[in-house]
Amino acid sequence: MKKTALITGASSGIGRQMAIDLDLRGFDTILVARREDRLKKLASELRHNAEVFECDLSQKEECLRLYEAFKDREDIIVLINNAGFGQVGFFDETPLDRDLDMLDTNVRSVHILTKLFLRDFMARDKGYILNVASTAGLLPAGPMMSTYYATKAYVKSLTLAINEELSQKKSKVWVCALCPGPVDTEFNEVADASFSISGISAEYCAKYAIRKMFERELVIVPGAGIKAGVAASRIIPTRLYLKAANSFQTKKVK
Ligand SMILES: NC(=O)c1ccc[n+]([C@@H]2O[C@H](COP(=O)([O-])OP(=O)(O)OC[C@H]3O[C@@H](n4cnc5c(N)ncnc54)[C@H](OP(=O)(O)O)[C@@H]3O)[C@@H](O)[C@H]2O)c1
């Protein structure tokens, strides 16, 4: 039977690699992002059927248009909410419109698509939703990337709560969160950032995430070093953590 995965942010980085991994696993794909030319090129390189859907997920109407286009497709059994971006800078200095665009893309679109597709998946009692949060969402806060960290905390929190509700309802649908540390993608360029520690490859991150999603892991953190860092952040006093995080994050400013 035909099985399809819908992936947002498939024009670059982690989302692109997830599309490639799912294609190798025999999935048809629906590739979503704003840069249609890149999506078309990727679609032409995949072995299985790949549909391209140009969409600006920072717009509520566009999120709804995406859902309307695919809501009746019972072959869609995987939704990956991956599109997102960050911005480095002091909170009082980053432009308000940029922050709001980030909230709309990283939070509101994930909220809308998760809610709408989840209802359909639940009605069919099958499917996987992978929300791409970040290690940022597992940490107390992120000075110099304050809005980004807050958006990812939202995604992590929402996802974990939904997972428990599904368990209470004895649903077979699985909803989980990917929380990577630094990954080598276009993220830095978009965020005006330079990473102070080297990242894992997008290919490794995507492969690991998809495998763990199918193994029904709830919080997916690729890399032992990052897991240890998150664990350490939970035992040091918050004020001390914030000072250390600020010093680490300041190194990201170009
Ligand atoms: N790289 C990291 O270190 C890292 C670490 C943890 C979590 N993450 C998360 O991983 C996800 C993917 O990021 P990445 O690292 O792969 O960065 P990336 O290479 O910059 O890819 C971001 C993707 O999101 C899409 N996107 C951004 N705004 C969009 C919008 N308004 N509408 C539709 N699509 C939009 C982009 O497509 P278009 O520009 O073509 O629209 C692109 O395909 C993000 O949610 C990010 O927060 C990244």
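Residues numbered from 1 in each chain as written. Predicted model: local features only at pLDDT ≥ 70, side-chain atom pairs only at ≥ 80, totals over all residues. Heavy atoms only, no water.

Draft legend 1. View of the overall build of the chain. The number of helices and strands found in the chain is nine helices and nine strands. Whereas a compact globule of 254 residues would reach a radius of gyration of roughly 18 Å, the chain reaches 18 Å, a difference of no more than 12%. Counting only C-alpha atoms, the chain reaches 55 × 40 × 30 Å along its principal axes. For the chain, buried positions account for 52% of its 254 residues. When contacts within the chain are restricted to residue pairs at least 6 apart in sequence, long-range pairs at least 24 apart make up 67% of them. Here the chain displays about 11900 Å² of accessible surface, and carbon together with sulfur accounts for 54% of that area. Here the chain contributes 36 positive and 32 negative side-chain charges, whose respective centroids are spaced 6 Å apart. (Helix = DSSP H or I, 4+ residues; strand = E, 2+ residues; numbered from the N terminus. Rg over C-alpha atoms; globule rule 2.2 N^0.38 Å. Buried < 20%, exposed > 50% of the residue type's maximum accessible area, 1.4 Å probe, protein only. Contact = heavy atoms within 4.5 Å. Areas by Shrake-Rupley, 256 points an atom, 1.4 Å probe, with all protein chains shown as cover. Lys, Arg positive; Asp, Glu negative; His and termini not counted. Charge placed at Lys NZ, Arg CZ, Asp CG, Glu CD.)

Draft legend 2. Highlighting a nonpolar patch on the surface. Side chains of Leu 96, Leu 100 and Leu 103 sit close together on the surface and give an oily, nonpolar patch of about 260 Å² of accessible area. As for its position among the elements, Leu 96 is in helix H4 (residues 96–124). You can call Leu 96 exposed: its relative accessible area is 57%. (Patch = residues over 30% accessible without salt bridge, like charges linked within 9 Å, V, L, I, M, F, W, Y side chains within 5 Å. Salt bridge = Lys/Arg side-chain N within 4 Å of Asp/Glu carboxyl O.)

Draft legend 3. Looking closely at helix H9 (residues 238–250). Its 13 residues place the ends of H9 18 Å apart at the C-alpha level, agreeing with the 18 Å of an ideal helix rising 1.5 Å per residue. Along H9, the residues that are buried comprise Tyr 241, Ala 245 and Gln 249. Buried residues along H9 cover an arc of 60° about the axis, so they all sit on one side. Facing away from the buried surface of H9 by more than 90 degrees, the exposed residues are Arg 239, Leu 240 and Lys 243. Considering only its buried residues, H9 is in contact with helix H5 (146–168) and helix H8 (224–235). (Expected span 1.5 Å × (residues − 1). Arc of directions from axis to C-beta.)

Draft legend 4. Main features of the sheet that holds strand E1 (residues 4–8). Strand order in the open sheet formed by seven strands is E3-E2-E1-E4-E5-E6-E9, and the pairing between neighbours is parallel. Each of the sheet's edge strands pairs with one partner strand only, and the pair in question is strand E3 (50–54) and strand E9 (219–220). Pairing geometry for strand E6 (residues 174–178) and E9, over two bridges, is parallel. Considered in E9, the bridge of Leu 178 is made with Ile 220. Strand contacts of helix H3 (residues 60–70): E1, strand E2 (28–33), E3 and strand E4 (76–81), with the helix running at about 150° to E3, the strand carrying the most contacts. Against the sheet, H5 makes contact with strand E5 (128–132), E6 and E9, and its axis sits at roughly 155° relative to E6, the strand it touches most. (Pairing = 2+ DSSP bridges. Axes fitted to C-alpha atoms, helices over the stretch in contact; angles between N-to-C directions.)

Draft legend 5. Representation of helix H7 (residues 202–214) in the model. Its 13 residues give H7 an end-to-end C-alpha distance of 18 Å, which sits within 8% of 18 Å, the value for a rise of 1.5 Å per residue. Taken residue by residue, H7 has Ala 202, Cys 205, Ala 206, Tyr 208, Ala 209, Ile 210, Lys 212 and Met 213 as its buried positions. Directly beyond the C-terminal end of H7, a positive phi value near 65° is found at Arg 216.

Draft legend 6. Structural view of the pattern of salt bridges. If you walk through the whole model with that rule in mind, you get 18 salt bridges. The salt bridge involving Lys 212 is made with Glu 215; its shortest N-O contact spans 3.5 Å. A salt bridge links Glu 217 to Lys 212; its shortest N-O distance comes to 3.7 Å. For Lys 212, a relative accessible area of 14% gives the class buried. Among the ionic contacts, a cluster of salt bridges with common partners joins Lys 2, Asp 28, Glu 51, Arg 73 and Asp 75.

Draft legend 7. Spatial organisation of the site of the ligand. Neighbouring the ligand are 30 residues; Ser 11, Ser 12, Arg 34, Tyr 148 and Thr 185 lie closest to it. Between the ligand and Cys 55 there is a distance of 3.5 Å, counted from a nitrogen atom to a backbone nitrogen or oxygen. Measuring from a nitrogen atom of the ligand, one finds a backbone N or O atom of Leu 57 at 2.9 Å. Here the ligand, which alone exposes 880 Å², has 96% of that area covered by the protein. Counting residues per element, the ones that place at least two in the shell around the ligand are helix H1 (13–24) and H5. Within the shell around the ligand, the residues separate by chemical class into 14 nonpolar, 11 polar and five charged. (Near = heavy atom within 4 Å. Polar contact = N/O pair within 3.5 Å; in protein donor to acceptor, adjacent residues only side chain to side chain. Nonpolar A, V, L, I, M, F, W, Y, C, P; charged D, E, K, R; others polar.)

Draft legend 8. Seen up close, the state of the cysteines. Under the definition given, this model contains zero disulfides. With no disulfide of its own, Cys 179 lies 9.7 Å from the sulfur of Cys 176, the closest cysteine sulfur. Given a relative accessible area of 0%, Cys 179 falls into the buried group. (Disulfide = S-S within 2.5 Å.)

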